[in-house]
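Breakdown of the fold
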Amino acid sequence: MVAVQTSPNSSPSAEWICCLDKRPSERSGEDVDIILTRLREVKAFQRFPSPLLLQICACAFYECLEKGITLFRQGDIGTSWYAVLSGSLDVKVSETANHQDAVTICTLGIGTAFGESILDNTPRHATIVSRETSELLRIEQREFKSLWEKYRQSLAGLLAPPYGAMESGSNNDSDSLCLSAGKVLRNAILSRAPHMIRDRKYHLKTYRQCCVGTELVDWLVLQSACVLTRSHAVGMWQALLEEGVLNHVDQELGFQDKYLFYRFLDDEEEDTPLPSEEEKRESEEELPETILFLAQIGPDALLRMILRKSPGQRTGDDLEIIYDELLHIKALAHLSNTVSQTLHFSFKETVQVSKTGVVCTLHEGDDFGKLALVTDSPRAASIVLREDNCHFLRVDKEDFNRILRDVEANTVRLKEHEQAVLVLEKSPRASTLGSIKYHQQMYTVISGTPEKILEHFLETMRMDIHHNPAVDDFVLMHCVFMPNSQLCPLLMAQYPFCLYSSLQERLEYALNSKRRALILALRWANTHTYLLQEEPAAISFLEELYGSLSNDSRMLRALKDLVPDLEKIVKLQYVSQLHIKLSPFFKTLIRQFSNGEERLQKKQPIRNQDDILLKVYCSDHTYTTIRVAVAATGREVTSAVADKLGTTDELLLVHLSSASEKQLLKPNDVSVFSTLSINGRLFACPRDQLNSLTPLPDQEGPSAGSMSTFELMSSKDLAYQMTMFDWELFSCVHEHELLYHTFGRQSFRRTTANLDLFLRRFNQVQLWVVTEVCLCGQLSKRVQLLKKFIKIAAHCREFKNLNSFFAIIMGMSNPAVSRLSQTWEKLPTKFKKFYAEFESMMDPSRNHRSYRLTVTKLEPPIIPFMPLLLKDMTFTHEGNKTFIDNMVNFEKMRIIANTIRQVRHCRSQPFNPDICQPNKNQAEVRGYVRKLCVIDNQRALTQLSYRLEPRRT
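Now for a look at the structure at hand. Only a predicted model underlies this, so the values are computations on that prediction, with no experimental measurement involved.

**Some points on empty space enclosed by the protein**
- Enumeration according to the criterion identifies five cavities of 30 Å³ or more in this entry.
- Roughly 60 Å³ of volume is contained in the largest cavity.
- Each residue belonging to the lining of the largest cavity can be placed in one class, and the counts come to four nonpolar, four polar and four charged.
- Inspection of the lining of the largest cavity shows a minimum of three residues originating in each of domain 3 (420-427 + 440-582) and domain 5 (706-948).

**So, the environment of Leu-287**
- Locating Leu-287 in the fold gives a position in helix α9 (residues 277-307).
- The sequence separation of Leu-287 and Ser-224 amounts to 63 residues, and the corresponding C-alpha distance is 9.5 Å.
- Residues within four places of Leu-287 in sequence aside, it is in contact with Val-184, Leu-185, Ala-188, Arg-192, Trp-219 and Gln-223.

**Notes on the packing of aromatic side chains**
- Under the criterion given, the structure shown has 36 aromatic pairs.
- Aromatic pair Trp-768 and Tyr-928: ring centres 6.3 Å apart, planes at 65 degrees, arrangement edge-to-face. Here Tyr-928 lies in helix α34 (residues 922-929) and Trp-768 lies in helix α25 (residues 753-774), a separation of 160 residues in the sequence.
- Residue Trp-768 is classed as buried on the basis of its relative accessible area, which comes to 1%.
- Given a relative accessible area of 12%, Tyr-928 falls into the buried group.
- A connected cluster of aromatic rings, assembled from ring pairs, spans Phe-762, Phe-805, Phe-806, Phe-838, Tyr-851 and Phe-865.
- Directly above the aromatic system of Tyr-623 lies the positively charged group of Lys-615, at a separation of 4.5 Å from the ring centroid.
- A cation sits over an aromatic face here: Arg-907 above Phe-730, 4.9 Å from the ring centre.

**Side note on the pairing of strand β9 (residues 198-202)**
- As paired elements, β9 and strand β10 (residues 205-212) share four bridges and run antiparallel to each other. Residue pairing in the sheet places Lys-201 in a bridge with Thr-206 of β10.
- Here β9 folds back onto β10, and the loop between the two strands holds two residues, one of which, His-203, carries a positive phi near 50 degrees.

**A closer look at the sheet that holds strand β16 (residues 411-416)**
- If you trace the five strands from one edge of the open sheet to the other, you get β16-β17-β20-β27-β26, paired in antiparallel fashion. With partners counted over all chains shown, the strands left at the sheet margins are β16 and β26 (883-884), one partner each.

**Considerations on the nonpolar core**
- Residues Met-477, Trp-524, Trp-768, Phe-789, Phe-806, Ile-808 and Met-866 are the most contacted members of the largest nonpolar core, which totals 132 residues.
- The element contributing the most residues to this core is α25, with eleven residues.
- In contact with Phe-789, not counting residues within four places along its chain, are Phe-710, Trp-768, Val-769, Glu-772, Val-773, Ile-808 and Met-812.
- Formed by 41 residues, the second largest nonpolar core is a distinct cluster that contains Val-217, Cys-226, Val-227 and Phe-264.

**Section: the side chain of Thr-942**
- The topology assignment puts Thr-942 in helix α35 (residues 938-948).
- A residue is classified by how much of its surface remains accessible, and Thr-942, at 9% relative accessible area, is buried.
- Here the side chain of Thr-942 touches Gln-938 through a polar contact of 2.8 Å, landing on its backbone oxygen.
- Among residues more than four places away in sequence, those in contact with Thr-942 are Asp-33 and Ala-816.

**Remarks on a negative patch on the surface**
- A contiguous patch of negative charge on the surface is contributed by Glu-279, Glu-282, Glu-286 and Glu-289.
- The residue Glu-282 is located in helix α9 in this model.

**Describing α35**
- Within the span of α35, buried status applies to Gln-938, Leu-941, Thr-942, Leu-944 and Ser-945. Buried positions in α35, seen along its axis, are confined to an arc of 160 degrees and lie on one side of it.
- N-cap assignment for α35: the residue whose side-chain oxygen lies 3.0 Å from the backbone N of Arg-939 is Asn-937.

**As for helix α33 (residues 890-906)**
- For α33, with 17 residues, the first-to-last C-alpha span of 25 Å sits near the 24 Å given by 1.5 Å per residue.
- Within α33, 13 of the 17 residues are buried, which leaves the element mostly enclosed by the surrounding structure.

**Section: the pattern of salt bridges**
- Inspection of every chain in the model, using the stated rule, returns 32 salt bridges.
- We note a salt bridge from Lys-280 to Glu-277, for which the minimum N-O separation is 4.0 Å. Of the two residues, Lys-280 and Glu-277 are both situated in helix α9; the distance of three residues between them amounts to about one turn of the helix.
- Judged by its relative accessible area of 61%, Glu-277 falls in the exposed class.
- The shortest N-O distance in the salt bridge between Arg-281 and Glu-285 comes to 2.8 Å. Of this pair, Arg-281 and Glu-285 both sit in helix α9, four residues apart, which is roughly one turn of that helix.
- For Arg-281, a relative accessible area of 40% gives the class partly exposed.

**Overview of the sheet that holds strand β7 (residues 127-130)**
- As summarised here, the arrangement of the four strands in space is β2-β7-β4-β5, forming an open sheet in which the pairing is antiparallel. Looking at which strands have only one partner, the edges of the open sheet turn out to be β2 (70-72) and β5 (103-108). The average undirected angle you get between the axes of adjacent strands in this sheet is 30 degrees.
- Sheet analysis places strand β4 (residues 89-93) next to β7, joined by four bridges and oriented antiparallel. Paired with Lys-92 across the two strands is Thr-127, which belongs to β7.

The rules behind these values
- Residues numbered from 1 in each chain as written.
- Predicted model: local features only at pLDDT ≥ 70, side-chain atom pairs only at ≥ 80, totals over all residues.
- Heavy atoms only, no water.
- 1 Å grid on protein atoms, 1.4 Å probe; cavity = no way out; pocket = protein on both sides within 12 Å on 5 of 7 lines; lining within 4 Å.
- Points joined across faces, edges and corners; volume = space filled by probe spheres on them.
- Nonpolar A, V, L, I, M, F, W, Y, C, P; charged D, E, K, R; others polar.
- Domains from an automatic or database assignment.
- Helix = DSSP H or I, 4+ residues; strand = E, 2+ residues; numbered from the N terminus.
- Contact = heavy atoms within 4.5 Å.
- Phe/Tyr/Trp six-rings, centres within 6.5 Å; stacked < 30°, edge-to-face > 60°.
- Buried < 20%, exposed > 50% of the residue type's maximum accessible area, 1.4 Å probe, protein only.
- Lys NZ or Arg CZ within 6 Å of the ring centre and 35° of its normal.
- Pairing = 2+ DSSP bridges.
- Core = buried A, V, L, I, M, F, W, Y, C linked by side-chain atoms within 4.5 Å.
- Polar contact = N/O pair within 3.5 Å; in protein donor to acceptor, adjacent residues only side chain to side chain.
- Patch = residues over 30% accessible without salt bridge, like charges linked within 9 Å, V, L, I, M, F, W, Y side chains within 5 Å.
- Areas by Shrake-Rupley, 256 points an atom, 1.4 Å probe, with all protein chains shown as cover.
- Salt bridge = Lys/Arg side-chain N within 4 Å of Asp/Glu carboxyl O.
- Lys, Arg positive; Asp, Glu negative; His and termini not counted.
- Charge placed at Lys NZ, Arg CZ, Asp CG, Glu CD.
- Arc of directions from axis to C-beta.
- Expected span 1.5 Å × (residues − 1).
- Axes fitted to C-alpha atoms, helices over the stretch in contact; angles between N-to-C directions.

From the geometry alone we can't say anything about function, so treat these as descriptive.
Below you can see the structure in the form of structure tokens.
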């Protein structure tokens, strides 16, 4: 099951870790199933046969290394083999016997394996040090040798030569699939649009049995929703062109969406017979799967085609495609936009690094070779391909040095007292308005002190442009490096008081300074919305700014146009904070323009200062109810419980899951209620009672499914009500909650309750699917359930609710459901094809490219797949330092802000409740989807699944 972590403290993997911690002889069949579920999530293990995976589950051990731990040193005699499940480790090699001289030559990431020297008892070739907290799977030497004897071919795919085997069969499989795809497409065209394949004349020359590139693209786009854009279709035809299944009449290597002639391989020979009616019928049946296959390999083919062009031949659209790829390659995550846009790369898959024996394996996204270029020294290791058909990003030394020179030449460093305070980089393209080029828009902020960054934006802000991305980045991200208590005084200081000067020049300067400060303050307030009411410094600033603006606007007409905008901000604060006591100044101001329409009908977001009633249980299953603030810390909750119980004992606050997993909450954890799992409960107890805590009976979840209730409900109505509920939850998520989640809410003392509830909903819908299937004892009913869920998912996609769409499909791919082979066999072919198409959207390759292309075709409002957006932000945050040389890394802020802007885009249009006309039982459907009862214990779900369909011997 794909679970979304709603808090850095949540620990969804604790159950399988407990299973691995047991001795192999003590592991039950259920333990093995739980471990197996976790291993199948790791890409490196997905191609292992089930018997091998089961034996690994039975003999492997779990290791967790904190950052900076040395696992073993170069020259040690090994005793175990390892695979990385999470985190990363540095590989260090020393030319001398002194370990302090060791140089890091690469980093091992998730899915990599190492330690195969135990096969022949040779010393370790390198020192391995954990780069961050990392989880490893460990197999001892005797067991690994035994597995190697039985499954040498499978294990060789994970290892580098000399033990690893070169894979040569995959290309043959791909060639065969492409050849079959070409036949299916040709037959389908001859069946549906036979006029597309015919003899054509051009410049007095006849080209026999040809198609036109633009017509092929037009036709393919119309065949399936899997084909997302015209460029996507170009990539799909390019994939066939590369395999020789489709050919340009003049043997050009790139497919183009132009009036150019292409010929299928079957039409190369004269008098090729037309397909029979039987062949046409078969092609019609196979067409959806063929298009799905090409849709998955097409983007890579398109990228390869672009990268084979010389840099001078690449169009603007080509560069955009390359740039989008670079954004998600971890080796380039730290580079600025300018440098990334300068690079003209290809992409890579896996290679082996060899020095004195095999050191490690490099995978997709890793990089190598830069040290030798920078130091102008010989290569430190040999690079050997581990498999066929590898693709690389390559930058020649001359280009590499040119990029370094250009970056340095285009970088401006402003210093104070010999210390850099602001670093600017000349943009590759200057901003223009008409024919005028503005010099101040030609530089991008790379880093700087918070004060200098603010000062720079105020000095260079264009007042004739409504949208300024750089200023918006600052307004959105400043809370990371400059809290409101620091920003407000600085903004007020930028609003000059000495306005009434006799010199026109000074007057204009002061007026412009005021307008810039006001415009930035308005953007700041519009971004923060109700969060400002929680900070006295922000309220005081707005009061002071409004008072100053009111006085100035009486004398200067140029400022009067900003007065209504600031009044609207004040009104918004009032409307969204009716339950908060406002200052007398605000109450007086509000009465001047209140029109009686302040009461909002929509769901209100949860805020830091809101109070909630929280049930906290004791070890005997009694409970006490306390009233605490939403943002209450663990310490404040335990203190309130102790006061209510009248005890002086030191209490521990524990999150107890339905699977009996205990998670101790820290005293400084914020908003502890929102970290609970679906059926989790909060317990408070003395330390000596910790081991005696047991789950409540109601935490087990339902014992019978609810199919009898919702099978009578329309699939479209269910999807509509799910979308309505998801939109309410999504609308309540403040943009800053994404920042608190990424950077750690403890450092902000802010709640992410709205975001946590939205993520919790994703998990709940996913578990709802698994629960209903596993509680359905009748085979025919389970088949009907699968059909129902596929229909609901289809309607969710129609309503652009990608969050519930993905939750349903991931629920159906849960091992407890996917293993029910008898049930899936009975599913009609049509629904299997729908499910396969939906699953293709979940394809994680190329950083979920399929999903991202789908989203680009949609117009707002959209409910996005939030876990992926959070992953993007976490990827950027962990791969880039927030501060560099005591200056804010503003390039990092810009990348994260771009991700948050995607959320803003999804909500840029209001949700239309009339997209579906509900039936008479609207209230019943609405109540059902908002109170889904689920089992959130994977072990229990697995047990139910095996009762339905026992394991086949």
